[in-house]
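Summary of structural features
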Amino acid sequence: MTDDQQALLAARPDLVAMARWVAPGARVLDLGCGDGALLRYLWQAKQAPGYGVEIDAAHVVECVRNDVNVLQMNLEDGLATFGDRSFDCVILSETLQAIHHTEQLMREMLRVGREAIVSFPNFGHWQARLQVTLGRMPVSQELPYQWYDTPNVHLCTLEDFEDFCRRLGFRVLERLVLHAGRSVTLMPNLLGSVAVYRLGQGNPA
Amino acid sequence: MNAPQPAPGSVGIVEARKASFSEPLKLKSGAVLPQFEIAYETYGELNAARSNAVLVCHALNASHHVAGHYADDPDNVGWWDNLVGPGKPLDTRRFFVIGTNYLGSCFGSTGPASVNPATGKSWGADFPLVTVEDWVEAQARLADRLGIERFAGVIGGSLGAMQALQWTLSFPERIRHAIVIAATPRLSAQNIAFNEVARQAIMTDPDFHGGHYYEKGVVPRRGLRIARMIGHITYLSDDAMMEKFGRVLRGKAGPGFDFDIDFEIESYLRYQGDKFASYFDANTYLRITKALDYYDPAADFGGDLAAALARARAAFLVVSFTSDWRFASARSREIVKALLEGRKIVSYLEIDAPQGHDAFLMDDPRYHGALRAYFANVAL
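Heads up: these notes are all about the structure in this document. Just so it is clear, the model here is predicted, and its values are computed rather than measured. (Residues numbered from 1 in each chain as written. Chains lettered and ligands numbered in written order. Predicted model: local features only at pLDDT ≥ 70, side-chain atom pairs only at ≥ 80, totals over all residues. Heavy atoms only, no water.)

When its secondary structure is counted, chain A shows eight helices and eight strands. By the compact-globule yardstick of 17 Å for 205 residues, chain A fits well, its C-alpha radius of gyration being 16 Å. By its C-alpha atoms, chain A is 45 × 40 × 30 Å across when sized along the principal axes. In chain A, which comprises 205 residues, the proportion classed as buried is 52%. Long-range pairs, those at least 24 residues apart, make up 66% of the contacts in chain A between residues at least 6 apart in sequence. (Helix = DSSP H or I, 4+ residues; strand = E, 2+ residues; numbered from the N terminus. Rg over C-alpha atoms; globule rule 2.2 N^0.38 Å. Buried < 20%, exposed > 50% of the residue type's maximum accessible area, 1.4 Å probe, protein only. Contact = heavy atoms within 4.5 Å.)

As structure tokens, then:
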């Protein structure tokens, strides 16, 4: 593993989980791919060819520099550029909470991909709950913004997200809840600050 | 005499060359060009492996003079000099860059003003209609002549982008990377309509003489200038034009209540029209606009662009500009969608630039930054 990869994986444990869930050689679409670090890692580590979607021009140039396929598009416009089931896996990492057309995008993800992987900050984490209880909007490592400058418009808890998946008819295939880079199994909606879900179409039998 | 000092990053003094081909070229129309010449320029050095060649295809009114300047004409700087040169995004220290002039041009390659070997006179109206596919065929002959089996890349904007795209279809094995900028996979009805107005302006000029104006010693200048004015309007965005000219009056305090120039934009269009009419050939203009109109690689595939692009082997970088209404971003996204459907390697940039179609000639830092990063990753 290169230094780059190690630095990435140390900084973003949710990406480690995602990478583990991507099969070797899988076709990946990474929505809101930033500088393309995950795609680059997936290509190097798993020979998984992918495309990133990113709206920010500086990030797009970074992706090109990182030799990652990137498409400069606005996720709010939907995924009409991509055909049905054209990817094995569609990833939305730490982006869900900033999306306006959340339901549309989530439905599109499982139209375009066989599976979806979604990560987001857990608003149910005890620190957030405590701050609200004390009369303040939560500010933390996962939610670093003040109320007036946050790009986040659709924050949710694990329970909220799982309700939402049920309503959309999505099946939770796997779930990983993290705090400070460690897996949280005890009271995850209270003790976990980041959640990662692997989703498929259809309800559990 | 002291040679002018090359600007930093300039390839410096360049020379236009010509390659002659005596093997007849069968055109898409069925007509045959018995022989032809292609004008070209090169910058940088071809490496020993012959793996670093990049072909630059030009748009409607440009030429093979992509970068640098001529020893006897230092002000005549190549049209893409901001992109091509030592240390520039398309770095001539690393790449061997070839600028080539399309067939039918009036700047050096065989065209309507050239001598028809069958008659000993200028071809004039008898010069056949050439297509994007024909240009690529002719350029492939040039590549053969230069000993380039496979290009590291082909790049072009607008009509040049059509050539870049067509290269990946006519010769899939010969192109590793295609950079397709401000492109469309086919002209819209509106695009064709603008071209037809331009053609009508030329063909109804009394000095046109059915295209045989060379022998009459005249030029359909009025038609050409109107054609250019129309073209120019489509190259700029509404905002860019308003920004540049606004409603500013030219040397007047108020409207003149006559048909002299009132507004700066009128002066600008007349100036552009006059300048164009002094150097561009009307028969070339007619043919180039037809080449644009006819280009439609999906036509042979029932309109299925993905099927048309299926044979491409290149990696693609597609770039569009949000203010371009001539070939809007949606047209480029059609290309991207078709490439994705074919599981091609593709990246797409949609640059939020204000200049309209002409933005592809500007040096927007995001645009040039991406091209620089892209070329840096092209293996040699």
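Counted by the stated rule, this structure contains 28 salt bridges over all chains. A salt bridge links A:R175 to A:E162; the shortest N-O distance between them is 2.8 Å. Taken together, the residues span a long stretch of sequence, with A:R175 in strand β6 (residues 170-179) and A:E162 in helix α7 (residues 158-168) at a distance of 13 residues. Residue A:E162 is classed as buried on the basis of its relative accessible area, which comes to 18%. Note that B:R186 is salt-bridged to B:D296, the shortest N-O span being 3.5 Å. Taken as a pair, B:R186 in the loop between β12 (175-181) and α3 (189-203) and B:D296 in the loop between α7 (282-294) and α8 (305-309) lie far apart in primary sequence, 110 residues in all. Judged by relative accessible area, which is 26%, B:R186 ranks as partly exposed. (Salt bridge = Lys/Arg side-chain N within 4 Å of Asp/Glu carboxyl O.)

All right, on to the state of the cysteines then. Residue and element names in this part refer to chain A. In this structure the tally under the stated criterion is zero disulfides over all chains. Distance from the sulfur of C63, which forms no disulfide, to the nearest cysteine sulfur (C33) is 3.7 Å. Distance from the sulfur of C165, which forms no disulfide, to the nearest cysteine sulfur (C156) is 8.9 Å. Look at C165 and you get buried, because its relative accessible area is 1%. (Disulfide = S-S within 2.5 Å.)

Let's shift gears to the interface of chain A and chain B. Taken together, the 19 residues of chain A in the interface contact 19 residues of chain B. For the pair chain A and chain B, the summed buried area comes to about 1500 Å², and 59% of that belongs to carbon and sulfur atoms. Here chain A and chain B share zero salt bridges between them. Summed over the shared surface of chain A and chain B, the result is seven residue pairs in polar contact (both at pLDDT 80 or more). Per-class residue counts for the side of chain A that touches chain B are 11 nonpolar, five polar and three charged. (Buried area = accessible area lost by both parts, 1.4 Å probe. Polar contact = N/O pair within 3.5 Å; in protein donor to acceptor, adjacent residues only side chain to side chain. Nonpolar A, V, L, I, M, F, W, Y, C, P; charged D, E, K, R; others polar.)

All right, on to α7(A) then. Residues and elements named next belong to chain A. For α7, the complete set of buried residues consists of L158, F161, E162, F164, C165 and L168. In an axial view of α7, the angular spread of the buried residues amounts to 155 degrees, which keeps them on one side of the axis. Away from its buried face by more than 90 degrees, α7 exposes R166 and R167. Looking at the buried positions of α7, the neighbouring elements they touch are α5 (102-112), β5 (113-121), β6, α8 (188-191) and β8 (194-201). Positioned one or two residues after α7, G169 has a phi angle of 80 degrees, which is positive. (Arc of directions from axis to C-beta.)

All names here are of chain A. Its boundaries defined by the atoms lining it, the largest pocket holds a volume of some 1100 Å³. Lining the largest pocket are 43 residues, with R12, S93, E94, T95 and Q97 positioned closest to its centre. Of all the secondary-structure elements, those providing two or more residues to the lining of the largest pocket are α1 (3-11), α2 (13-21), α3 (37-46), β2 (50-54) and β6. Tallied by class, residues from the lining of the largest pocket come to 20 nonpolar, 14 polar and nine charged. (1 Å grid on protein atoms, 1.4 Å probe; cavity = no way out; pocket = protein on both sides within 12 Å on 5 of 7 lines; lining within 4 Å. Points joined across faces, edges and corners; volume = space filled by probe spheres on them.)

Residue and element names in this part refer to chain A. The contact between α5 and α7 brings their axes to 11 Å, and the two run at 65 degrees. Crossing hand, α5 versus α7: right-handed. Between α5 and α7, the contacting residues are T102, E103, M106 and R107 on the first element and F161, F164, C165, R167 and L168 on the second. Here the contact of α5 with α7 is composed, by residue class, of five nonpolar, one polar and three charged. (Axes fitted to C-alpha atoms, helices over the stretch in contact; angles between N-to-C directions. Left-handed = near helix turned anticlockwise from the far one by under 90°.)

The next subject is the nonpolar core. Counting 173 residues, the largest nonpolar core has A:M106 and B:I181 as the members making the most contacts within it. In this structure, B:I181 is in contact with B:W80, B:I155, B:G156, B:G157, B:S158, B:A161, B:V319, B:F321, B:F360, B:Y367 and B:L371, ignoring residues within four places of it in sequence. Counting seven residues, the second-largest nonpolar core is a separate cluster that includes B:M229, B:L236, B:Y268 and B:L269. (Core = buried A, V, L, I, M, F, W, Y, C linked by side-chain atoms within 4.5 Å.)

Right, let's get into the side chain of B:S267. Position of B:S267 among the secondary structure elements: in helix α6 (residues 264-279). Sequence-distant contacts of B:S267, that is, excluding residues within four places in its chain, are made with B:R250 and B:I261.

What follows covers the environment of B:T131. Residues and elements named next belong to chain B. Tracing the chain through its elements places T131 in the loop between β10 (96-100) and α1 (132-145). Separated by 103 residues in sequence, T131 and K28 place their C-alpha atoms 6.8 Å apart. The residues touching T131, leaving out its near neighbours within four places in the chain, are K28 and A291.

Residues and elements named next belong to chain B. Scanning the model with the defined rule gives 26 aromatic pairs over all chains in all. When the centroid spacing of 4.6 Å and the interplanar angle of 45 degrees are considered together, the rings of F245 and Y268 count as tilted. You can see F245 sitting in helix α5 (residues 238-245) and its partner Y268 sitting in helix α6, a full 23 residues away along the chain. The exposure class assigned to F245 is buried, which follows from its relative accessible area of 8%. Ring geometry for Y279 versus F280: centroids 6.4 Å apart, planes at 75 degrees, classification edge-to-face. (Phe/Tyr/Trp six-rings, centres within 6.5 Å; stacked < 30°, edge-to-face > 60°.)

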